[in-house]
Amino acid sequence: MANLEALISRKTEADTQWKAQRQAERESIVAMQDAGVTEITSNPEAYARYLEMQGDNPTYSAGNIALAMLQNEKATIFGTRERWKTLNRSVIDTEANKGMKIFARSTLGKGYSLSDAYDLSQTQGRELKHFQLQDDTKEMENALATLLNYAVVPVNSDPELDQAAFYDMQEMALYINPNYPDSEAFSAIAAEIAHTRIHAKGYNASYDRQECELDAQSVSYILCRRFGIERDLPDMSRLPELYEGWDAQQRRGALDSIQDISKKIGGSIEQAITPQQRSRAPVNRAAR
């Protein structure tokens with residue numbers, strides 16, 4: 001007769017060890033994430049790399065971008081097996097054990113769990129779709145219209161403005177010079193709309209334009225990167241000063257705010273410029 005008591009004891013011990021190992025692994029990844037976020041917000045070179053990665057992976061959190069940067073310095077576009085499957089790509093067999101650890105939404109729909117993620121170079125399948133907004137096109141016009149919809153203040157045309165766009169925090173109004181090329185206008189408007197959303201119609205009492213300039217320009221850079229629009233990197237000379245005295249959680253929160261704004265705007269723009277699949281209407285035939 002099987003010794004069920006011994007079997008149950010062994011299973012309980014194995015389960016306890018497994019949970020302890022998973023917890024230790026999770027704590028190790030969280031520590032790595034904190035280190036990555038701290039490096040990003042302290043080192044202008046790392047911050048520039050972060051902006052590129054965030055632009056190429058707009059739906060992933062800043063914490064996951066930090067993890068990918070630390071685990072694979074050559075990472076470009078990455079995703080879990082499930083994500084690659086939705087893009088009609090699969091992980092190459094020889095790369096199956098070379099994934100990066102990130103936090104992905106649990107398959108049970110509650111919270112986030114550790115998952116393996118793979119760089120584009122570790123996958124095969126259908127070519128990825130890349131957006132490339134061009135001046136004087138219907139797609140760019142739709143993108144600009146969608147972008148303007150995210151302004152939370154009145155938008156005014158000002159041909160005499162000495163720049164493409166400017167958010168006046170005193171008047172709480174956004175002014176745009178319509179005479180600039182589309183790409184330059186997109187870049188400038190994106191940054192100024194970020195300012196309007198950070199200021200939140202004046203409800204953000206701690207808003208200071210100079211203190212928030214890097215965040216706003218970062219939103220603009222991420223959006224431009226996502227849609228193939230050339231623009232210079234933001235001025236990062238004040239980066240260490242801006243984050244001085246902040247702990248890892250506060251730093252991650254600031255980066256997540258940048259990602260959240262750019263993700264929402266970018267998602268809407270993508271919908272606006274992507275041809276919609278039209279379902280074929282059924283043909284009404286005369287009954288026989």
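A brief structural summary.

Quick notes on the rules
- Residues numbered from 1 in each chain as written.
- Predicted model: local features only at pLDDT ≥ 70, side-chain atom pairs only at ≥ 80, totals over all residues.
- Heavy atoms only, no water.
- Salt bridge = Lys/Arg side-chain N within 4 Å of Asp/Glu carboxyl O.
- Helix = DSSP H or I, 4+ residues; strand = E, 2+ residues; numbered from the N terminus.
- Buried < 20%, exposed > 50% of the residue type's maximum accessible area, 1.4 Å probe, protein only.
- Axes fitted to C-alpha atoms, helices over the stretch in contact; angles between N-to-C directions.
- Left-handed = near helix turned anticlockwise from the far one by under 90°.
- Contact = heavy atoms within 4.5 Å.
- Nonpolar A, V, L, I, M, F, W, Y, C, P; charged D, E, K, R; others polar.

## So, the pattern of salt bridges
Phase 1: One pass over the structure, following the stated rule, counts 10 salt bridges.
Phase 2: Between R238 and E241 there is a salt bridge; the shortest N-O distance is 3.0 Å.
Phase 3: Among the ionic pairs, D260 bridges to K264, the shortest N-O distance being 3.4 Å. With a gap of four residues between them, D260 and K264 both fall in helix α9 (residues 248–273), about one helical turn apart.
Phase 4: Residue class for K264 comes out partly exposed when judged on its relative accessible area of 46%.
Phase 5: It is possible to trace a salt-bridge network through shared partners that takes in E192, R209 and E213.

## Let's talk about the packing of helix α2 (residues 44–56) against α9
Phase 1: Direction vectors running N to C along α2 and α9 enclose 35°, while the axes themselves pass 12 Å from each other. Regarding α2 and α9, the two cross each other, and that crossing is right-handed. Packed against α2, whose contacting residues are Y47, Y50 and Q54, the element α9 presents L255, I258 and Q259 at the interface.
Phase 2: For the contact of α2 with α9, the per-class residue count stands at four nonpolar, two polar and no charged.

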